Amino acid sequence: MWRSLTFVDKLIVAVAVNSAKQPLFSVDERVRLIRESLDNDPRIEVHEFTGLLVDFARKVGATLSIRGLRAVADFEYEYQMALMNRHLSPKLETVFMVPSLDTTYISASLVREVAKFGGDVHDLVHPTVADALRAKLAVK
């Protein structure tokens with residue numbers, strides 16, 4: 001996210017409501033955790049959305065979608081999504097960013113699994129998120 005600010009003056013983090021997934025945190029919780037992780041940086045806004053990304057982008061005036069690619073396996077899905085988004089909204093460009101070498105292996109499911117079994121995830125996610133994971137998984 002922070003590297004994205006080298007390309008844009010204002011960054012909108014779009015948190016999708018995806019009915020096909022069962023995330024550990026609700027949309028409201030994810031939005032809150034992201035906001036708390038930002039240290040009140042005025043260049044970044046966090047919004048939830050439902051429906052198509054292109055419609056959300058149009059609504060907020062975005063012209064660039066920045067997507068992260070961890071592995072080659074991510075590319076095919078993301079490429080198809082970028083082409084469909086271009087079809088639906090030709091003015092919305094997609095840029096792919098690759099992670100730093102030291103974070104390539106990190107995924108939400110791996111972090112969740114480590115936290116579930118009491119492993120320390122503070123060096124993998126923001127401390128606010130690590131604390132929320134510990135609290136959420138302690139309840140389950």
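Everything below is about the structure shown above.
Residues numbered from 1 in each chain as written. Predicted model: local features only at pLDDT ≥ 70, side-chain atom pairs only at ≥ 80, totals over all residues. Heavy atoms only, no water.

Here's the deal with the overall build of the chain
Step number 1: When helices and strands are tallied, the chain shows 5 helices and 4 strands.
Step number 2: Ordered by position from the N terminus, the helices and strands of the chain form the series β-α-β-α-β-α-β-α-α.
Step number 3: Here the C-alpha atoms of the chain give a radius of gyration of 16 Å, agreeing with the 14 Å that 2.2 N^0.38 yields for 140 residues.
Step number 4: Its C-alpha atoms put the chain at 45 × 35 × 30 Å along the principal axes.
Step number 5: Looking at the chain as a whole, 27% of its 140 residues qualify as buried.
Step number 6: Here the contacts in the chain between residues at least 6 apart in sequence split such that 64% fall between residues at least 24 apart. (Helix = DSSP H or I, 4+ residues; strand = E, 2+ residues; numbered from the N terminus. Rg over C-alpha atoms; globule rule 2.2 N^0.38 Å. Buried < 20%, exposed > 50% of the residue type's maximum accessible area, 1.4 Å probe, protein only. Contact = heavy atoms within 4.5 Å.)

Considering the pairing of strand 3 (residues 64-68)
Step number 1: Bridge count between strand 3 and strand 4 (residues 93-97): 5 bridges; the pairing is parallel. Its bridge partner being in strand 4, Ser 65 is matched across the sheet by Thr 94. (Pairing = 2+ DSSP bridges.)

Describing helix 2 (residues 53-60)
Note on helix geometry: an α-helix contains 3.6 residues per turn, so any two residues three or four positions apart are oriented the same way.
Step number 1: Of the positions making up helix 2, those classed as buried are Val 54, Phe 56 and Ala 57. Take helix 2 and look down its axis: the buried residues cluster within an arc of 160 degrees, on one side only.
Step number 2: The elements touched by buried residues of helix 2 are strand 1 (11-16), strand 2 (44-49) and helix 3 (72-88).
Step number 3: Of the residues trailing helix 2, Gly 61 is marked for its positive phi of about 80 degrees. (Arc of directions from axis to C-beta.)

Some words on the nonpolar core
Step number 1: Counting 12 residues, the largest nonpolar core consists of Leu 24, Phe 25, Leu 33, Ile 106, Val 111, Ala 115, Val 121, Val 129, Ala 130, Ala 132, Leu 133 and Leu 137.
Step number 2: Contributions of two or more residues to this core are made by helix 4 (108-116) and helix 5 (127-139).
Step number 3: Excluding anything up to four places from it in sequence, Val 111 contacts Ile 106, Val 121, Leu 124, Val 125 and Leu 133.
Step number 4: Of all hydrophobic cores here, the second largest spans 10 residues; its members include Leu 5, Val 27, Val 31 and Ile 44. (Core = buried A, V, L, I, M, F, W, Y, C linked by side-chain atoms within 4.5 Å.)

Focus: the pattern of salt bridges
Step number 1: Summed over the entire model, instances satisfying the criterion amount to 8 salt bridges.
Step number 2: Between Arg 32 and Glu 36 there is a salt bridge, and its shortest N-O distance comes to 3.1 Å. Of this pair, Arg 32 and Glu 36 both sit in helix 1 (residues 27-37), separated by 4 residues, roughly a single helical turn.
Step number 3: Given the relative accessible area of 39%, Arg 32 is considered partly exposed. (Salt bridge = Lys/Arg side-chain N within 4 Å of Asp/Glu carboxyl O.)

Describing unusual backbone geometry
Step number 1: For Asp 39, which is not a glycine, the phi torsion comes out positive at approximately 55 degrees.
Step number 2: One can find Asp 39 in the loop between helix 1 and strand 2.
Step number 3: Even without a glycine there, the phi angle at Asn 40 is positive, about 55 degrees.
Step number 4: Following the sequence through the fold, Asn 40 ends up in the loop between helix 1 and strand 2.

Any functional reading would require information that these geometric values do not contain.
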